[in-house]
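Chain by chain, the residues run as shown.
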Amino acid sequence: MLTYEPLQNYLSRQTEDVVALTFEDIERIIGAELPASAIRRNEWWSNNATGHSQAKAWLDAGFVTANLDRKGKTVVFRRASGRIARGGGLREEPAEFRSAMEADMNATHHPAFGAMKGTFTIEPGYDITKPVYTDEEWNEIESEVLAKFDRMFPGDAK
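Given the structure is predicted, the values throughout are model-derived calculations rather than measurements.

## As for the overall build of the protein chain
Right, on to step 1. Of the regular secondary structure elements, the protein chain holds six helices and five strands.
Right, on to step 2. In the protein chain, the order of α-helices and β-strands from amino to carboxyl end is α-β-α-α-α-β-β-β-β-α-α.
Right, on to step 3. Each of the 158 residues in the protein chain was classed as buried or not, and the buried ones make up 18%.
Right, on to step 4. The contacts of the protein chain with a sequence gap of at least 6 include a subset with a gap of at least 24, amounting to 46%.

## Side note on the packing of helix α1 (residues 5-12) against helix α2 (residues 23-30)
To characterise two packed helices, one gives the angle between the axes of the helices and the distance between these axes.
Right, on to step 1. Two elements in contact, α1 and α2, have axes whose closest approach is 7 Å; the angle formed by their N-to-C orientations is 110 degrees. With respect to their mutual orientation, α1 and α2 come out roughly perpendicular. Of the residues in α2, those touching α1 at P6, L7 and Y10 are I26, I29 and I30.
Right, on to step 2. Residues belonging to the contact of α1 with α2 are distributed by class as follows: six nonpolar, no polar and no charged.

## Focus on the nonpolar core
Right, on to step 1. Counting residues in each nonpolar core, the largest one holds 22 residues, and the members touching the most others are L11, I26, L34, W45, W58 and F77.
Right, on to step 2. Only α1, β1 (18-22), α2, α4 (53-60), β2 (63-69) and β3 (74-79) provide two or more residues apiece to this core.
Right, on to step 3. Aside from chain neighbours lying at most four places away, what touches W58 is L7, L11, W44, W45, S46, N47, F63, V64, T65 and F77.

## Here we look at α1
Right, on to step 1. By the burial criterion, the buried members of α1 are P6, L7, Q8 and L11.
Right, on to step 2. If you follow the buried residues of α1, they end up packed against β1, α2, α4, β2 and β3.

## Digging into a negative patch on the surface
Right, on to step 1. Side chains of D135, E136, E137, E140 and E144 sit close together on the surface and give a patch of like negative charge.
Right, on to step 2. Assignment of secondary structure puts E140 in helix α6 (residues 135-152).

## Focus: the sheet that holds β2
Right, on to step 1. Within the open sheet, the three strands sit side by side as β1-β3-β2. Their pairing is antiparallel. Whereas interior strands pair on both sides, the edge strands pair on one side only; in this sheet they are β1 and β2. Taking each pair of neighbouring strands and ignoring which way they run, the sheet shows an average axis angle of 25 degrees.
Right, on to step 2. One ladder, built from six bridges, connects β2 with β3; its direction is antiparallel. The partner of D69 across the bridge, within β3, is T74.
Right, on to step 3. Across the face of the sheet, α1 comes into contact with β1, β2 and β3 while running at roughly 140 degrees to β1.
Right, on to step 4. Each of β2 and β3 is contacted by α4, which is oriented at about 120 degrees to β2, the strand it contacts most.

## A look at the pairing of β3
Right, on to step 1. As paired strands, β1 and β3 are joined by five bridges and run antiparallel to one another. From the neighbouring strand, V18 faces β3, where its bridge partner is R78.
Right, on to step 2. Linking β2 to β3, which pair antiparallel, is a turn of four residues; within it K73 sits at a positive phi near 55 degrees.

## Description of unusual backbone geometry
Right, on to step 1. Despite not being glycine, K73 has its phi angle at roughly 55 degrees, a positive value.
Right, on to step 2. Relative accessible area serves as the criterion here: at 41%, K73 is assigned to the partly exposed category.

## Considering the side chain of Q54
Right, on to step 1. Positionally, Q54 belongs in helix α4.
Right, on to step 2. Residue classification places Q54 among the buried positions, given a relative accessible area of 5%.
Right, on to step 3. Once residues within four sequence positions are removed from consideration, Q54 is found in contact with Y4 and W44.

So, how was this worked out
- Residues numbered from 1 in each chain as written.
- Predicted model: local features only at pLDDT ≥ 70, side-chain atom pairs only at ≥ 80, totals over all residues.
- Heavy atoms only, no water.
- Helix = DSSP H or I, 4+ residues; strand = E, 2+ residues; numbered from the N terminus.
- Buried < 20%, exposed > 50% of the residue type's maximum accessible area, 1.4 Å probe, protein only.
- Contact = heavy atoms within 4.5 Å.
- Axes fitted to C-alpha atoms, helices over the stretch in contact; angles between N-to-C directions.
- Parallel < 35°, antiparallel > 145°, perpendicular 65-115°, else oblique.
- Nonpolar A, V, L, I, M, F, W, Y, C, P; charged D, E, K, R; others polar.
- Core = buried A, V, L, I, M, F, W, Y, C linked by side-chain atoms within 4.5 Å.
- Patch = residues over 30% accessible without salt bridge, like charges linked within 9 Å, V, L, I, M, F, W, Y side chains within 5 Å.
- Areas by Shrake-Rupley, 256 points an atom, 1.4 Å probe, with all protein chains shown as cover.
- Salt bridge = Lys/Arg side-chain N within 4 Å of Asp/Glu carboxyl O.
- Lys, Arg positive; Asp, Glu negative; His and termini not counted.
- Charge placed at Lys NZ, Arg CZ, Asp CG, Glu CD.
- Pairing = 2+ DSSP bridges.

This is the structure:
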């Protein structure tokens, strides 16, 4: 039996679209400890089955990892949209033609939405909408650039 087959079987039996598990729950389900990389690396929980037997297990059960909290040692599995679990595998639903306009109107998020989640932190109280330079600083920068341009190209008219 493969290490993560019990996890696949467990998820395949779930009727809910969202399944939250602790790392301890997963260890109990698979009957073994999770590797250190599961606790240390977000990549271990990625939804890429190539060379990753754990991801293949939840993907074959029709789930993807949605929320990972390595510090809290919890993960949320969400039923994969557009896919149906059948007999332990995945089957694509029949594709329907949709125009680009229809796709844009129905899209809730860009496919890359959340891809950088957790990679950086914005300091509390920092206004990310605040301009980098004040109007006076921009005027100073512009005059410096124009002066350099005039020195580089003395005969060019503006």
